[in-house]
Amino acid sequence: MSLTHYLVIPVFCLVAVKTQANVNKTTSIQQIRQEIELFVQAKVDEVLTNYDEVQINISYLDKRLKMKACDQPIQISKRYGHINQGRMTVEVSCQKPVNWRLRVPVNIKVFKDIFITNDLLKRGQTIGQQDIMLSRQDITHDARGYFESDHELIGKVVYRTMRQGTIIKPSMIREATLIKRGSTVDIISSGNGIMVKSSGIAMKDGIKGEIITIKNKKSKRTIDGRVTAAGTVQVNL
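Our subject in this report is the structure included herewith. As a convention, each chain's residues are numbered from 1 in the sequence order in which they are written. In keeping with the model being predicted, local features are shown solely for residues with a pLDDT of at least 70 and side-chain atom pairs are shown and tallied solely at 80 or more, while totals for entire chains, interfaces and linings include all residues. As a convention, hydrogens and water are excluded, and side-chain values are obtained from all of the structure's heavy atoms.

1. Observations concerning the overall build of the protein chain
Line of reasoning, step 1. On a plain count of helices and strands, the protein chain comes out with 2 helices and 16 strands.
Line of reasoning, step 2. Throughout this description, buried means an accessible area under 20% of the type-specific maximum (1.4 Å probe, protein chains only), exposed means over 50%, and partly exposed covers the range between. Burial statistics for the protein chain: of 237 residues in total, 31% are counted as buried.
Line of reasoning, step 3. A separation threshold of at least 6 residues defines the contact pool for the protein chain, and within that pool the share at least 24 residues apart is 52%.
Line of reasoning, step 4. Residue exposure ignores everything except the shown protein chains as possible cover, and the areas themselves are Shrake-Rupley values with a 1.4 Å probe. Roughly 15,500 Å² of accessible area belongs to the protein chain as shown, and the carbon and sulfur atoms make up 51% of that amount. Elements are defined by DSSP. Helices are runs of H or I of four residues or more, strands are runs of E of two residues or more, and each kind is numbered from the N terminus. In this analysis, two residues are considered to be in contact whenever any of their non-hydrogen atoms come within 4.5 Å of each other.

2. So, the state of the cysteines
Line of reasoning, step 1. Criterion for a disulfide: a pair of cysteine sulfur atoms at a distance within 2.5 Å. Enumeration over the complete set of coordinates arrives at 1 disulfide.
Line of reasoning, step 2. Here Cys70 connects covalently by a disulfide to Cys94, the sulfurs 2.0 Å from one another. Taken together, the residues Cys70 in the loop between β3 (67-68) and β4 (75-82) and Cys94 in strand β5 (residues 87-94) connect sequence positions 24 residues apart.
Line of reasoning, step 3. Here Cys94 falls in the buried class, since its relative accessible area comes to 2%.

3. Quick notes on the environment of Val54
Line of reasoning, step 1. Structurally, the position occupied by Val54 is in strand β2 (residues 53-58).
Line of reasoning, step 2. Taking C-alpha positions, Val54 is 9.2 Å from Thr140, a pair spaced 86 residues apart along the chain.
Line of reasoning, step 3. With residues near it in sequence (within four places) discarded, Val54 still touches Gln41, Val44, Ile108, Lys109 and Val110.

4. Structural notes on the sheet that holds strand β14 (residues 211-216)
Line of reasoning, step 1. The strand order around the closed barrel built from 5 strands is β11-β12-β14-β15-β16, with neighbouring strands paired in mixed fashion. On average, each strand axis in the sheet is tilted by 50° relative to the strand beside it, whichever way the strands run.
Line of reasoning, step 2. In this structure, strand β11 (residues 184-191) lies alongside strand β16 (residues 232-236), joined through 5 bridges in parallel fashion. Counterpart to Ser189 in the pairing with β16 is Val235. Note on pairing: DSSP must find at least two bridges between two strands before they are called paired. For helices, the fitted line uses only the C-alpha atoms of the stretch in contact; every axis is such a line through C-alpha atoms, and the angle between N-to-C directions lies from 0 to 180 degrees.

5. Describing the nonpolar core
Line of reasoning, step 1. Residues belong to a common nonpolar core when they are buried Ala, Val, Leu, Ile, Met, Phe, Trp, Tyr or Cys residues joined through side-chain atoms within 4.5 Å. Membership of the largest hydrophobic core comes to 26 residues, with the highest contact counts inside it found for Ile32, Ile36, Val40, Val90, Val92, Val104 and Ile108.
Line of reasoning, step 2. Residue contributions to this core peak at 7 residues, all from strand β6 (residues 100-117).
Line of reasoning, step 3. Ignoring sequence-local partners within four residues, the contact set of Ile108 consists of Val40, Val44, Val54, Gln55, Ile83, Gly86, Arg87, Met88 and Thr140.
Line of reasoning, step 4. In this structure, Ile127, Met162, Ile168 and Ile173 belong to the second largest nonpolar core, which totals 11 residues.

6. Re the pairing of β5
Line of reasoning, step 1. Where burial is concerned, most of β5 is hidden: 7 out of the 8 residues are buried.
Line of reasoning, step 2. Sheet topology note: the β4/β5 ladder contains 7 bridges and is antiparallel. The residue of β5 that forms the bridge with His82 is Arg87.
Line of reasoning, step 3. The turn linking β4 back onto β5 is made up of 4 residues, and Gly86 within it adopts a positive phi angle of 80°.
Line of reasoning, step 4. Judged from the 8 bridges that link them, β5 and β6 form a sheet pairing that is antiparallel. Paired with Glu91 across the bridge in β6 is Arg103.
Line of reasoning, step 5. Linking β5 back to β6 in an antiparallel pair, the connection comprises 5 residues.

7. Points about unusual backbone geometry
Line of reasoning, step 1. For the bond running from Lys96 to Pro97, omega is 0°, close enough to zero to count as cis.
Line of reasoning, step 2. With respect to the element layout, Pro97 can be found in the loop between β5 and β6.
Line of reasoning, step 3. At Lys220, a position not held by glycine, the phi torsion is positive, near 70°.
Line of reasoning, step 4. Of the residues examined, Lys220 reaches a relative accessible area of 59% and is grouped as exposed.

8. Concerning the packing of aromatic side chains
Geometrically, a pair of aromatic rings is defined through the distance of the ring centres and the angle of the planes.
Line of reasoning, step 1. Stacked, tilted and edge-to-face are the three classes applied to pairs of Phe, Tyr and Trp rings, where Trp contributes its six-membered ring and a pair requires centres within 6.5 Å; stacked means planes under 30 degrees apart, edge-to-face means over 60, and tilted covers the rest. Here the structure, examined in full by the defined rule, presents 0 aromatic pairs.
Line of reasoning, step 2. The rule for a charge over a ring is simple: NZ of Lys or CZ of Arg within 6 Å of the ring centre, and within 35 degrees of the ring normal. One cation-aromatic arrangement involves Arg123 over Tyr159; the distance from NZ or CZ to the ring centre is 4.8 Å.

9. Brief notes about the side chain of Asn216
Line of reasoning, step 1. Within the secondary structure layout, Asn216 lies in strand β14.
Line of reasoning, step 2. Non-local contacts of Asn216, meaning those with residues more than four positions away in its chain, are made with Ile187, Ser198, Ser199, Gly200 and Arg221.

So yeah, pure geometry; function would need other evidence.
Put into structure tokens, the structure is as follows:
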């Protein structure tokens, strides 16, 4: 009579082999870099909602690093720095099955198409279309000190001399003077459906929107009015 022999492999051995295989898995440096880029990009979008390009430069990560694979998604948090500083340090960590963490420096540059000078602009010069041009510039450290529309610049007066290629900032220009002191102005008085036009003398220079004092030529009374256009002042009755 022949006997049949069965080979029995304990289940715990198979589990041990599977567990060991998981332990030997690693998180690639490429995956870590991708996760950092996604994290930083999200931080940029939180701070800046209007830009044209962002460059994220992650500090060198040694390819020889062998970080154990995570059971859950890798955790990333900001440790130091800020987007507007152009740099930050992020912490990449894993809790299970092996607790590990890395701190990685990141440099950030944010770019936008904004207006710069097309030539040397001197103090007191009135800005025309030919004097400015759009150029993609790094706005990382100055998220608001620039102009995106030529309508905000044309007709303005240069307050501070600017070299060719200078990013035009609000502090470098001012409104054009629409009314000169001593000049004759039209006084438009309106209210309750009535409008009266008279003539007066400006007692000071005025830019658009500014309230200045005018002397009515006929009555000799002084009144305050808002500059609305060149040689015109609006007064409420």
